[in-house]
Amino acid sequence: MPCAGMVALSLVSTGARAEERAPPRWEIDVKAAYVVLGARAAHATGGIMPSVTGLRRWPVRDAVDVGIGADVGLFGLGGDARWLGVLGGPAAAVRVMPFRAPLSFELAARLDFGRIPVCNAWGLCLRYLGLFPAVEAGAAYLSTQHVAVVATCGVRFIRTLAWSGVSVEPAAAGRIFW
């Protein structure tokens, strides 16, 4: 009987420690990316792309977690309003926190659906509807217990009649999590 009491006591104390260290389960990123789209930026149509991403996170190991969610953003903001596009879709991410410092490294993938403006080398600019997947890598600095600052750089794969290639998207984001 005393062994059962010791086992129960050890389980309670272990559970409390795990609860103290439990990672946040939800997060929202508000991001501003600068998109460069077009061959050597010769007739680039990108611009500023504000977006919002929401993820649900699950711990995999002590310093690794994965997240599944969605994002939505405006494409081409800051340029000519007639070239405004909208992208949105499912997102997945992996985060690694290898140090005791409040720093994490992240890799995310998105399968965005939407309408984007694309200009070809001859200056012909059209809007295209389709799937435009993206991949990004970044680092986040945890500034408080529920707020982080994130820097990322991503690439988006684009295949249209006017132009096919990769857009480059450096970005900065603010993150809240709970």
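Residues numbered from 1 in each chain as written. Predicted model: local features only at pLDDT ≥ 70, side-chain atom pairs only at ≥ 80, totals over all residues. Heavy atoms only, no water.

Visitor: Where do I start with the overall build of the protein in this structure?
Guide: Helix and strand counts for the protein come out as one helix and eight strands. For the protein, the α and β elements follow one another from N to C terminus as α-β-β-β-β-β-β-β-β. Counting only residues that meet the buried cut, the protein has 35% of its 178 residues in that class. Sequence-distant contacts in the protein: of pairs separated by 6 or more residues, those separated by 24 or more amount to 53%. (Helix = DSSP H or I, 4+ residues; strand = E, 2+ residues; numbered from the N terminus. Buried < 20%, exposed > 50% of the residue type's maximum accessible area, 1.4 Å probe, protein only. Contact = heavy atoms within 4.5 Å.)

Visitor: I would appreciate a short explanation of the pairing of strand 3 (residues 64-75) in the present structure.
Guide: Each regular strand shows side chains that alternate between the opposite faces of the sheet. Here strand 2 (residues 47-61) runs beside strand 3; their pairing, made up of ten bridges, is antiparallel. Note on strand 3: the bridge partner recorded for threonine 53 is aspartate 71. The antiparallel pairing of strand 2 with strand 3 creates a hairpin that spans two residues between the two strands. Where strand 3 lies against strand 4 (residues 85-96), twelve bridges are found, and the strand directions are antiparallel. The residue bridging valine 66 from the neighbouring strand is valine 94, located in strand 4. (Pairing = 2+ DSSP bridges.)

Visitor: Explanation requested: the nonpolar core in the structure shown.
Guide: Across soluble globular proteins, nonpolar side chains have a tendency to be buried as a group. Ranked by internal contacts, the top residues of the largest apolar core, which has 14 residues, are Leu37, Phe75, Ile116, Val118 and Ile158. Among the elements of the structure, strand 1 (26-35), strand 5 (103-119) and strand 6 (125-142) are those that each provide at least two residues to this core. If sequence neighbours within four positions are ignored, isoleucine 158 has contacts with Leu37, Ile116, Val118, Phe132, Trp163, Ser164, Gly165 and Ser167. (Core = buried A, V, L, I, M, F, W, Y, C linked by side-chain atoms within 4.5 Å.)

Visitor: Honestly, the environment of tryptophan 58 in this entry has me stumped. Any pointers?
Guide: Tracing the sequence through the fold places tryptophan 58 in strand 2. Taking the C-alpha atoms as reference, tryptophan 58 lies 8.8 Å from isoleucine 68; in sequence the two are ten residues apart. Sequence-distant contacts of tryptophan 58, defined by excluding residues within four places in its chain, comprise Asp65, Val66 and Ile68.

Visitor: Can you help me understand the side chain of threonine 160 in this one?
Guide: With respect to the helices and strands, the residue threonine 160 is situated in the loop between strand 7 (147-159) and strand 8 (164-177). Excluding residues within four positions of it along the chain, threonine 160 makes contact with Val118, Tyr128 and Phe132.

Visitor: Explain empty space enclosed by the protein to me, please; I cannot follow it from the model alone.
Guide: In this approach, a probe sized like a water molecule rolls over the atoms, and the result shows the empty space that is left. Per the stated rule, a full pass over the model turns up two cavities of 30 Å³ or more. Put simply, the largest cavity is a space of about 190 Å³. Taken together, 20 residues line the largest cavity, and the ones lying closest to its centre are Asp29, Glu106, Ala108, Glu136 and Arg175. Of all the secondary structure elements, the ones that give two or more residues to the lining of the largest cavity are strand 1, strand 2, strand 4, strand 5, strand 6, strand 7 and strand 8. Looking at the lining of the largest cavity, the element that brings in the most residues is strand 5, giving four residues. Its residues placed into classes, the lining of the largest cavity shows nine nonpolar, three polar and eight charged. Empty space within the second largest cavity amounts to approximately 60 Å³. Contributions of two or more residues to the lining of the second largest cavity are made by strand 1, strand 2, strand 5 and strand 8. Grouping the amino acids of the lining of the second largest cavity by side-chain chemistry returns three nonpolar, one polar and seven charged. (1 Å grid on protein atoms, 1.4 Å probe; cavity = no way out; pocket = protein on both sides within 12 Å on 5 of 7 lines; lining within 4 Å. Points joined across faces, edges and corners; volume = space filled by probe spheres on them. Nonpolar A, V, L, I, M, F, W, Y, C, P; charged D, E, K, R; others polar.)

Visitor: Looking at this structure, I do not really get the side chain of lysine 31. What am I missing?
Guide: Within the element layout of this structure, lysine 31 appears in strand 1. Given the relative accessible area of 11%, lysine 31 is considered buried. Polar contacts involving the side chain of lysine 31 include one to the side chain of glutamate 136, which spans 3.0 Å. Not counting residues within four places of it along the chain, the set of residues in contact with lysine 31 comprises Met49, Pro50, Ser51, Arg110, Glu136, Thr152, Ala171, Ala172 and Ala173. (Polar contact = N/O pair within 3.5 Å; in protein donor to acceptor, adjacent residues only side chain to side chain.)

Visitor: How do you make sense of the packing of aromatic side chains when you look at a structure like this?
Guide: For any pair of aromatic rings, geometry is given as the distance between the ring centres together with the angle between the planes. Taken as a whole, this structure holds one aromatic pair when the rule is applied. Judged by centre distance (6.3 Å) and plane angle (80°), the rings of phenylalanine 99 and phenylalanine 105 are edge-to-face. Residue phenylalanine 105 is classed as partly exposed on the basis of its relative accessible area, which comes to 36%. (Phe/Tyr/Trp six-rings, centres within 6.5 Å; stacked < 30°, edge-to-face > 60°.)

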